[in-house]
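# Structural overview
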Amino acid sequence: MDDTAGALADPVRREILVALRFQRLSAGEIAERFPISRPAVSRHLRVLREAGLVRDELVGRNRLYTLDPRRLLDLAAWLGQFAEPSAWEHRFDALETEVHRTRRERRTGDVAGQAHEETA
């Protein structure tokens, strides 16, 4: 997870991941999107590859890069522990509690009602 967080610390690498979100791109196509040198983009791609965030595939003479989101999911799961539950989550929890309470009251009410009828 430290490699993932370290790779994401750089804004250029984050933008590369966004660019790869829906499509495979060559290093040249990625480099065209940034005002930095191609060797600098290649270094960023190497960091992302070593962190397991992108995969590369040789297709003919081109090396195409794709996003590999598995490491991002691990990091997101870890970060999730710091997120406050939303207002909706609180409401759903309250609703679930109320449903269980109502069901319990109905069951105990039915049992009490049956016992009352049997003694009458």
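Below is a short write-up of the structure. Owing to the predicted nature of the structure, the values given are computational and were not obtained by experimental measurement.

### Quick look at the nonpolar core
Among the nonpolar cores identified, the biggest contains 20 residues, and I16, L17, L20, I30, L48 and L53 are the most heavily contacted of them. For this core, the elements supplying multiple residues, two or more each, are α1 (2–8), α2 (11–19), α3 (27–31), α4 (38–50) and β3 (62–67). Take this core: its biggest share by element is 4 residues, from α2. Beyond its immediate chain neighbours, meaning those up to four positions away, L20 contacts L25, I30, V54, Y65, T66 and L67.

### Quick notes on the pairing of strand β2 (residues 54–59)
The pairing of β2 with β3 spans 6 bridges and is antiparallel. Each bridged residue has a counterpart across the sheet, and for E57 the counterpart in β3 is L64. The antiparallel pairing of β2 with β3 creates a hairpin that spans 2 residues between the two strands, and G60 there sits at a positive phi of about 65°.

### Quick look at the pattern of salt bridges
Taken as a whole and judged by the stated rule, the model has 7 salt bridges. With its nearest N and O atoms 2.5 Å apart, the salt bridge here joins R101 to E105. Of this pair, R101 and E105 both sit in helix α6 (residues 87–119), 4 residues apart, which is roughly one turn of the helix. Classification of R101 by relative accessible area gives partly exposed; the value is 29%. In this structure, a network of salt bridges that share partners links the residues R55, D68 and R70.

Reading guide: rules and limits
- Residues numbered from 1 in each chain as written.
- Predicted model: local features only at pLDDT ≥ 70, side-chain atom pairs only at ≥ 80, totals over all residues.
- Heavy atoms only, no water.
- Core = buried A, V, L, I, M, F, W, Y, C linked by side-chain atoms within 4.5 Å.
- Buried < 20%, exposed > 50% of the residue type's maximum accessible area, 1.4 Å probe, protein only.
- Helix = DSSP H or I, 4+ residues; strand = E, 2+ residues; numbered from the N terminus.
- Contact = heavy atoms within 4.5 Å.
- Pairing = 2+ DSSP bridges.
- Salt bridge = Lys/Arg side-chain N within 4 Å of Asp/Glu carboxyl O.

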